[in-house]
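Structural overview
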Amino acid sequence: MIHPTNKDEKKGVLIVFEGTDGTGKSTQQKLLADYLNSLGHQVVTTREPTDGPFGQKIRNLYVNRGNYTAEDELSLFLNDRREHVETLLTPALNEGKIILCDRYFLSTVAYQGAIGFDIEDLLQRNSFAPDPDIALLFQAPLETGRHRITSGRGDTLNDFEKSESLVRVAEIFRSINRSYIQPVDATGSIEEVHQRVVSLVLPLLSGLPGPSLAQE
Ligand code: TYD
């Protein structure tokens, strides 16, 4: 089931991974990529913030979020995304690829919404970005996420992750009403969550070239 959008002649599939920090998005992105590759699909994995020039500036925000105004912060995320859409996402979709993207515009809606921007306004300011075919919204208690970051990853929490507003971020994620959003219970084992992801994603891929071509 592939929905052409009115924005371009999209032939591929855009799968995005969303949720609060530490819910296992990146792990699940990698597992899904390996699985789809093993079926013979052509998969592109990518993430936001990107590794491009705006993404690198955004990483400075992690330690010093207070040095930027809210509008500067939002502009960095929007500029990063615009570049990502133009240089990678749209061309790959037009080539019929399956894209797995770790965070996308719903993160802007939730995280920048949590610092005061209007939700509808944020959706509007992201309207240049093609809608995903599915947004997997990883849901786990915030404490689980914090614990996974500090004990599992051995990291300290960055300015986004320790923010009091994470509660609000989670609320906004849950409140966004878009048909492509699919909640994923992110508690349980990595394998259990992977199976939940696979069962949501496979129905989107019927009709795509992939498995049969790979066997030639
Ligand atoms: P994260 O996916 O955790 O990046 P990394 O893999 O580099 O650790 O994203 C970093 C933070 O950026 C995360 O806490 C959420 C925040 N963020 C926004 O506030 N707005 C956005 O539009 C995006 C994409 C991320």
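Predicted, not measured: the structure shown is a model, and the values here were computed from it.

What counts and how
- Residues numbered from 1 in each chain as written.
- Predicted model: local features only at pLDDT ≥ 70, side-chain atom pairs only at ≥ 80, totals over all residues.
- Heavy atoms only, no water.
- Near = heavy atom within 4 Å.
- Polar contact = N/O pair within 3.5 Å; in protein donor to acceptor, adjacent residues only side chain to side chain.
- Areas by Shrake-Rupley, 256 points an atom, 1.4 Å probe, with all protein chains shown as cover.
- Helix = DSSP H or I, 4+ residues; strand = E, 2+ residues; numbered from the N terminus.
- 1 Å grid on protein atoms, 1.4 Å probe; cavity = no way out; pocket = protein on both sides within 12 Å on 5 of 7 lines; lining within 4 Å.
- Points joined across faces, edges and corners; volume = space filled by probe spheres on them.
- Nonpolar A, V, L, I, M, F, W, Y, C, P; charged D, E, K, R; others polar.
- Salt bridge = Lys/Arg side-chain N within 4 Å of Asp/Glu carboxyl O.
- Buried < 20%, exposed > 50% of the residue type's maximum accessible area, 1.4 Å probe, protein only.
- Axes fitted to C-alpha atoms, helices over the stretch in contact; angles between N-to-C directions.
- Parallel < 35°, antiparallel > 145°, perpendicular 65-115°, else oblique.
- Left-handed = near helix turned anticlockwise from the far one by under 90°.
- Contact = heavy atoms within 4.5 Å.
- Pairing = 2+ DSSP bridges.
- Phe/Tyr/Trp six-rings, centres within 6.5 Å; stacked < 30°, edge-to-face > 60°.

Now for the site of the ligand. Around the ligand there are 14 residues in total, and D21, Y62, R103, T108 and Q112 lie nearest to it. In the environment of the ligand, an oxygen atom lies 3.3 Å from a nitrogen or oxygen atom belonging to the side chain of R59. R103 is positioned with one of its side-chain polar atoms (N or O) 2.8 Å from an oxygen atom of the ligand. Notes on the ligand: free accessible area 550 Å², of which the protein chains cover 90%. Counting residues per element, the ones that place at least two in the shell around the ligand are α2 (53-64), α3 (70-94) and α4 (105-113). Broken down by element, the residue count for the shell around the ligand peaks at four residues, all from α4.

The final tally for this structure, using the stated rule, is one cavity of 30 Å³ or more. Reported here for the largest cavity is a volume of approximately 40 Å³. The dominant element in the lining of the largest cavity, judged by the number of residues it contributes, is helix α6 (residues 142-152), at four residues. A per-class count over the lining of the largest cavity returns four nonpolar, two polar and three charged.

Further remarks concern the pattern of salt bridges. For side chains of opposite charge, pairing can occur when their charged atoms come near one another. Tallied over the entire structure, the rule returns 12 salt bridges. Across the pair E48 and R81 runs a salt bridge, and its minimum N-O distance is 2.7 Å. Within this pair, whereas E48 is found in the loop between β2 (43-47) and α2, its partner R81 is found in helix α3, the two being separated by 33 residues in sequence. Given a relative accessible area of 5%, E48 falls into the buried group. Here R146 and E143 are joined by a salt bridge, their closest N and O atoms 3.1 Å apart. You can see R146 and its partner E143 sitting in helix α6, three residues apart, about one turn around the helix. Overall, the relative accessible area of 24% leaves R146 in the partly exposed class. Members of the salt-bridge network, linked through shared partners, are R47, D51 and R59.

Working note: a packed helix pair is described by the angle between its axes plus the distance between those axes. Contact pair α2 / α3: the axes reach a minimum separation of 8 Å and the direction vectors enclose 150°. With respect to α3, the element α2 is oriented roughly antiparallel. Classified by chirality, the crossing of α3 by α2 is left-handed. For the pair formed by α2 and α3, the contact residues are P53, F54, G55, K57, I58 and L61 on the first element and E73, L76, F77, N79, D80 and E83 on the second. Grouping the constituent residues of the contact of α2 with α3 by class yields six nonpolar, two polar and four charged.

Between E48 and P49 the backbone carries a cis peptide bond, its omega angle lying at -5°. Within the fold, P49 resides in the loop between β2 and α2.

Turning our attention to the sheet that holds strand β3 (residues 98-102). Picture the strands of a sheet paired through backbone hydrogen bonds; they go either parallel or antiparallel. Pairing is parallel in the open sheet, where five strands are placed in the order β2-β3-β1-β4-β5. Each end of this open sheet is capped by a strand with a single partner; those strands are β2 and β5 (181-185). Neighbour-to-neighbour, the strand axes of this sheet turn through a mean angle of 20°, independent of strand direction. Its contacts with the sheet place α4 against β1 (13-19), β4 (134-139) and β5, and it is angled at close to 25° to β1.

The full count for this structure, using the stated rule, is three aromatic pairs. Taking the centre distance of 5.0 Å and the plane angle of 45° together, the rings of Y104 and F105 count as tilted. Take Y104 and F105: they sit in the same class, and that class is buried. On the basis of an interplanar angle of 80° and a centroid distance of 6.2 Å, the ring pair of Y111 and F173 is categorised as edge-to-face. Of the two residues, Y111 sits in helix α4 while F173 sits in helix α7 (residues 166-175), which places them 62 residues apart along the sequence. The burial state of Y111 is the same as that of F173; both residues are buried.

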